[in-house]
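Each chain, letter by letter, is given below.
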Amino acid sequence: GTSYKSVYEFNRNSATHGSIDGAPGSSQHRYITEDVPYLFVPCLEFAELTKVDTPVMRAAIQFANAFNGVDYTVEGRTLEKMGLKGLSVNQIRQFVSS
């Protein structure tokens, strides 16, 4: 029931997104301390497994690492921590489908 001319306009004016008052005020905000290790890191690991190049995601993780003095690629949700290390894409598909 809405109509926006661009993604930017949607993000600034939709009921859900319009109430967000900008970027996190601190490098310790949950958007960084939770989203980087538990969303970006697994996405990066799946991308690497499938040989998809993700330079922007890798850079975002590296920036967060530098800001917070944490190596999220070690501390985050890795394939190893999910019990998926060494599995092929097809094996992972079977694992999550069962």
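Rules behind the numbers
Residues numbered from 1 in each chain as written. Predicted model: local features only at pLDDT ≥ 70, side-chain atom pairs only at ≥ 80, totals over all residues. Heavy atoms only, no water. Helix = DSSP H or I, 4+ residues; strand = E, 2+ residues; numbered from the N terminus. Rg over C-alpha atoms; globule rule 2.2 N^0.38 Å. Buried < 20%, exposed > 50% of the residue type's maximum accessible area, 1.4 Å probe, protein only. Phe/Tyr/Trp six-rings, centres within 6.5 Å; stacked < 30°, edge-to-face > 60°. Axes fitted to C-alpha atoms, helices over the stretch in contact; angles between N-to-C directions. Left-handed = near helix turned anticlockwise from the far one by under 90°. Contact = heavy atoms within 4.5 Å.

Tallying secondary structure elements over the protein gives six helices and zero strands in all. In sequence order, the protein lays out its α and β elements as α-α-α-α-α-α. A compact globule built from 98 residues should have a C-alpha radius of gyration of about 13 Å, whereas the protein, at 17 Å, is more than 25% larger. With the C-alpha coordinates of the protein rotated into their principal frame, the extents come out at 45 × 35 × 25 Å. Across the 98 residues that make up the protein, the buried fraction comes to 20%.

Attention now moves to the packing of aromatic side chains. Taken as a whole and judged by the stated rule, the model has one aromatic pair. For the ring pair Tyr4 and Phe10, a centre distance of 5.6 Å and an interplane angle of 70 degrees mean the geometry is edge-to-face. Here Tyr4 falls in the partly exposed class, since its relative accessible area comes to 28%. Classification of Phe10 as partly exposed rests on a relative accessible area of 33%.

With that out of the way, let us pick up the packing of helix α3 (residues 35-49) against helix α4 (residues 55-68). Relative to each other, α3 and α4 sit at 140 degrees, their axes nearing to 10 Å. Judged by the sense of rotation from one axis to the other, the crossing of α3 with α4 is left-handed. For the pair α3 and α4, the contacting residues are Val36, Phe40, Val41, Cys43, Leu44 and Glu48 in the first and Met57, Arg58, Ala60, Ile61 and Ala64 in the second.

Residue placement: Leu84 occurs in the loop between α5 (72-75) and α6 (89-97). The buried category is assigned to Leu84, whose relative accessible area is 4%. For the pair Leu84 and Lys51, spaced 33 residues apart in the sequence, the C-alpha separation amounts to 16 Å. Among residues more than four places away in sequence, those in contact with Leu84 are Phe46, Leu79, Ile92 and Phe95.

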